[in-house]
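Each chain, letter by letter, is given below.
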Amino acid sequence: MERAQGIGSRPRLHVSADGVGVVGHDGARLLADLADVTGLTSSYSTALGPLRPRGTGHDPGRITTDPAVMVADGGEAITDLATLREQREVFGPIASTPTAWRLLAAVDERVLGRLRSARAQAREVAWPQASETRCGIPAATAGGREMPGLVLDIDATPITCHSEKDQAAPTCKGGFGFHPLLCFLANTGQGMSGRLRPGNSGANTAADHIAVLDDALAQIPDAHRHGTDILVRTDSAGSAKSFLSHIRDLRTRGIHTFFSVGYAVTEPVRRAIRSLPELVWHPALDQDGTLRESAEVAGLTGMADLAGYPHHRPPRTSPPGAQLSLFDQDEGLRHQVFLTDTPITSDSAQFLEVRHRGHATVEDHIRCGKTTGFGRVPSRRFGVNAARLELSLAAIDLLARTRFLLLDGELATAEPKKLRYRILHVAARITWGSRRLRLRISATWPWRHELAAAFHRLAALPRPAS
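Trainee: Help me understand the pattern of salt bridges, please; the structure alone is not making it clear to me.
Mentor: A side chain of one charge can pair with a side chain of the opposite charge if their charged atoms are brought near each other. Under the counting rule described, the total for this entry stands at 24 salt bridges. Between R134 and D408 there is a salt bridge, with its nearest N and O atoms 2.3 Å apart. Of this pair, R134 sits in the loop between α7 (109–133) and β2 (141–142) while D408 sits in the loop between α15 (382–406) and α16 (416–424), and the two are 274 residues apart along the sequence. Note on R134: relative accessible area 24%, which makes it partly exposed. A salt bridge links D341 to R251; the nearest nitrogen and oxygen atoms lie 2.1 Å apart. On the criterion of sequence distance, the pair formed by D341 in the loop between β17 (337–340) and α13 (349–357) and R251 in the loop between α10 (241–249) and β11 (257–263) is long-range, its members being 90 residues apart. A relative accessible area of 5% means that D341 is categorised as buried. Classification of R251 as partly exposed rests on a relative accessible area of 30%. One network of salt bridges, in which partners are shared, links E109, R116, R119, R123, E390, D397 and R401.

Structural data, given as structure tokens:
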């Protein structure tokens, strides 16, 4: 009998734990240096100066930035700082886990406000850097075309807890935990603001929407906050009159805010829809600008009794497998309504509808955000978990800035999972030569040129004035 050679056999390995001069997660050094170059580390240092730990020699800015880098790199618990700490040649001195934890535990609501201000100061540096070295902040798109200005997407999401923690409660999804409200910039995916809330907090609480929006607007650099169109998108949870009135009132302060929010299909809306003649319906669009199959759009402005609300438009759609209400079953179509105060032109019905439907991308930002820190609430203390959420937003910012400041092509739009696999978790050798520390990426790594180019772009970024 002939014995066949094993198919796909691999070379035999002899494993030992005594390697020297080899380091991993080298791409995460991009994030750490980017925090320094954009002024985030120094801003954190100033904001947390009164909390400087005695006797440790660690700057509070570094103690705060390093956990944000660790979270952006995929770490989950504060103990994962060991990944950076044990590679001192690349990341320098990293605070111990107890030191980092004590700093987080000292963050109260007043200090949390200073952390938010520090992130805003870093954004005041990063956005001009994008204008000077690239093409500025990219535009959000809808219906195959670019949208002017900035687009803020607000949404809430449940976070599950598996033990009793301060202010954890049953959630609207039938689970138990927290119900944070978050705001993302659709243009870049940056995490603009977020508020940790008890699990039983309402999804449509106007006061929370106003607070999160105001926090997000405070994050936008002055040059963009005034004079730039800012579209605020939410689902129907953001349709409270007081929230929409707040958005319109912001214009009196020189902030050009508009809204596009979902709205419930109430009986007045149903009557208005039934009264619409067929000739006013227009084909809906997909996000690439092509016609959407079995979907139409029409305007209801002035036809439904919605006292106190501005312009509104309902899309009429019939997507495959859609769950229909009794009204929809009678009509044979699914109906959705949204409200917007964007000025209407003769050909804008389809664009306004597809623009609003783009709000669904916030679910992708939330999904990625949960793998970048805020999907876990590690402490029993609410204040520590709120600080953890703020650090998660800083981590999301670092990843977004890496994409639009340092990367090109496919990686410039990659989700965190892909960035970690291809760029951040690269192993390399550390060597010394000519009094210089060198990081030698493997010559066979498929994305070595992209990572090296990112480090070169990082070195060329304009530095903030001291």
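Anyway, onward from the coordinates.
Trainee: Any chance you could explain the sheet that holds strand β6 (residues 169–170) here in plain terms?
Mentor: Either a parallel or an antiparallel arrangement is found when strands of a sheet pair, and the pairing is made through backbone hydrogen bonds. Read across the open sheet, the three strands follow the order β5-β7-β6; overall the sheet is antiparallel. The open sheet has two edge strands with one neighbour each: β5 (159–160) and β6. Relative to strand β7 (residues 176–178), β5 runs antiparallel, the two sharing two bridges. Counterpart to I159 in the pairing with β7 is F178.

Trainee: Got a minute to help me understand the packing of helix α1 (residues 28–37) against α15 in this structure?
Mentor: Helices that pack against each other are described as a pair by the angle of their axes relative to one another and the distance between those axes. One can describe the packing of α1 onto α15 by two numbers: an axis separation of 10 Å at closest approach and a directional angle of 90 degrees. Classed by the angle they form, the pair α1 and α15 counts as roughly perpendicular. Mapping the contact onto sequence places L30, L31, L34 and A35 in α1 and L398, L399, R401, T402, L405 and L406 in α15. Here the contact of α1 with α15 is composed, by residue class, of eight nonpolar, one polar and one charged.

Trainee: Even after reading the chapter, I still don't get the pairing of strand β18 (residues 428–433), so can you show me in this structure?
Mentor: If a strand is regular, its side chains alternate between the two faces of the sheet. Strand direction decides the pairing type here: strand β1 (residues 22–23) and β18, joined by two bridges, are antiparallel. By the bridge assignment, V23 is partnered in β18 with A428. Examined bridge by bridge, β18 and strand β19 (residues 436–441) share six bridges and lie antiparallel to one another. Across the sheet, the residue bridging to I430 is L439, located in β19. Following β18, the chain reverses through two residues before pairing antiparallel with β19; S434 in that reversal takes a positive phi of roughly 55 degrees.

Trainee: Sorry, what's going on with the pairing of strand β8 (residues 181–185) here?
Mentor: When you tally the buried positions in β8, you get five out of five residues, the bulk of the element. Burial of β8 is two-sided: the residues L181, C183 and L185 facing one way and the residues L182 and F184 facing the other way are all buried. In this structure, β8 lies alongside strand β9 (residues 191–195), joined through four bridges in antiparallel fashion. Across the sheet, residue L181 finds its bridge partner in β9, namely R195.

Trainee: Hey, could you run me through unusual backbone geometry in this one?
Mentor: The phi angle at Q167 is positive, at roughly 70 degrees, despite the residue not being glycine. With respect to the helices and strands, the residue Q167 is situated in the loop between β5 and β6. We classify Q167 as partly exposed; its relative accessible area is 36%.

Trainee: Could you clarify how one ought to interpret the nonpolar core in this entry?
Mentor: For soluble globular proteins, nonpolar side chains are generally found buried alongside one another. Of all hydrophobic cores here, the largest spans 111 residues; its most connected members are L152 and L213. Residues in contact with L152, not counting those within four places in the same chain, are C183, F184, L185, M192, L213, A216, L217, I220, I230, L231, V232 and R233. Listed in part, the 10 residues of the second largest apolar core include A140, L231, F258 and F351.

Trainee: Hey, could you run me through the environment of E86 in this one?
Mentor: Residue position: E86 is located in the loop between α4 (82–85) and α5 (88–91). Among the residues examined, E86 registers a relative accessible area of 62% and is labelled exposed.

Trainee: Can you walk me through α1 in this structure?
Mentor: Because the α-helix completes a turn every 3.6 residues, residues three or four places apart line up on one side. Within α1, eight of the 10 residues are buried, leaving the element largely enclosed by the surrounding structure. Residues of α1 that are buried: A28, L30, L31, A32, D33, L34, A35 and V37. At the exit of α1 stands G39, carrying a positive phi of roughly 85 degrees.

Trainee: Before we go on, may I ask you to explain the environment of L231 in this structure?
Mentor: Here L231 lies in strand β10 (residues 230–234). Separated by 84 residues in sequence, L231 and M147 have C-alpha atoms that sit 9.5 Å apart. Aside from chain neighbours lying at most four places away, what touches L231 is L150, V151, L152, F258, F259, S260, T342 and R355.

Trainee: What am I meant to see in the sheet that holds β19 here?
Mentor: Overall, antiparallel pairing links the three strands, which are arranged β1-β18-β19 in an open sheet. Strands at the two margins of the open sheet, each flanked by one partner only, are β1 and β19.

Trainee: What exactly am I supposed to notice about the environment of L411 here?
Mentor: Within the secondary structure, L411 is located in the loop between α15 and α16. Taking the C-alpha atoms as reference points, L411 and H226, 185 residues apart in sequence, are found 31 Å from one another. Contacts of L411, omitting those with residues within four sequence positions, involve R403, L419, R422, I423 and E450.

Trainee: Honestly, the packing of aromatic side chains in this entry has me stumped. Any pointers?
Mentor: The description of two aromatic rings rests on the distance between their centres and on the angle between their planes. Tallying each qualifying case throughout the model produces two aromatic pairs. Centroid distance F178 to F382: 6.1 Å. Interplanar angle 45 degrees. Geometry classified as tilted. Here the residue F178 occupies a position in strand β7, and F382 occupies one in helix α15, the gap between them amounting to 204 residues. Comparing F178 with F382, the two get one shared label, buried. Relative to W447, the ring of W445 has its centre 5.6 Å away and its plane inclined at 65 degrees; by these criteria the two rings are edge-to-face. Residue W445 is classed as partly exposed on the basis of its relative accessible area of 24%. Judged by its relative accessible area of 18%, W447 falls in the buried class. In this arrangement the basic side chain of R145 is found over the ring face of F351, its NZ or CZ atom lying 3.9 Å from the centre.

The rules behind the values
- Just so you know, the residues in each chain are numbered from 1, in the order the chain's sequence is written.
- Residue-level local features of this predicted model are given only where pLDDT is at least 70; pairs of side-chain atoms are given and counted only at 80 or more, and the full residue set underlies all totals for whole chains, interfaces and linings.
- Side-chain calculation: all heavy atoms of the structure are included, whereas hydrogens and water are not.
- A pair is scored as a salt bridge if a Lys or Arg side-chain nitrogen falls within 4 Å of a carboxyl oxygen belonging to Asp or Glu.
- Helix numbering and strand numbering both begin at the N terminus, where a helix is a DSSP run of H or I of at least 4 residues and a strand a DSSP run of E of at least 2.
- Think of it in three bands: residues with accessible area under 20% of the maximum for their type are buried, residues over 50% are exposed, and the middle band is partly exposed, with areas taken using a 1.4 Å probe on protein chains only.
- If DSSP finds at least two bridges between two strands, the strands pair.
- Under this scheme, a helix contributes an axis fitted over its contacting stretch, all axes are lines through C-alpha atoms, and angles between N-to-C directions fall in the 0 to 180 degree range.
- Here is the rule for angles: anything less than 35 degrees is roughly parallel, anything more than 145 is roughly antiparallel, 65 through 115 is roughly perpendicular, and the remaining ranges are oblique.
- Between two residues, a contact is recorded if the distance between any of their heavy atoms is within 4.5 Å.
- Ten residue types, Ala, Val, Leu, Ile, Met, Phe, Trp, Tyr, Cys and Pro, are classed as nonpolar, four, Asp, Glu, Lys and Arg, as charged, and the remainder, Gly among them, as polar.
- For our purposes a nonpolar core is just a set of buried Ala, Val, Leu, Ile, Met, Phe, Trp, Tyr and Cys residues, chained together by side-chain atoms within 4.5 Å.
- Here is the rule: rings of Phe, Tyr and Trp (six-membered ring for Trp) pair when centre to centre is within 6.5 Å. Planes less than 30 degrees apart are stacked, more than 60 are edge-to-face, and the remainder are tilted.
- Note on criteria: charge over ring means Lys NZ or Arg CZ within 6 Å of the ring centre, with the direction from the centre no more than 35 degrees off the ring normal.

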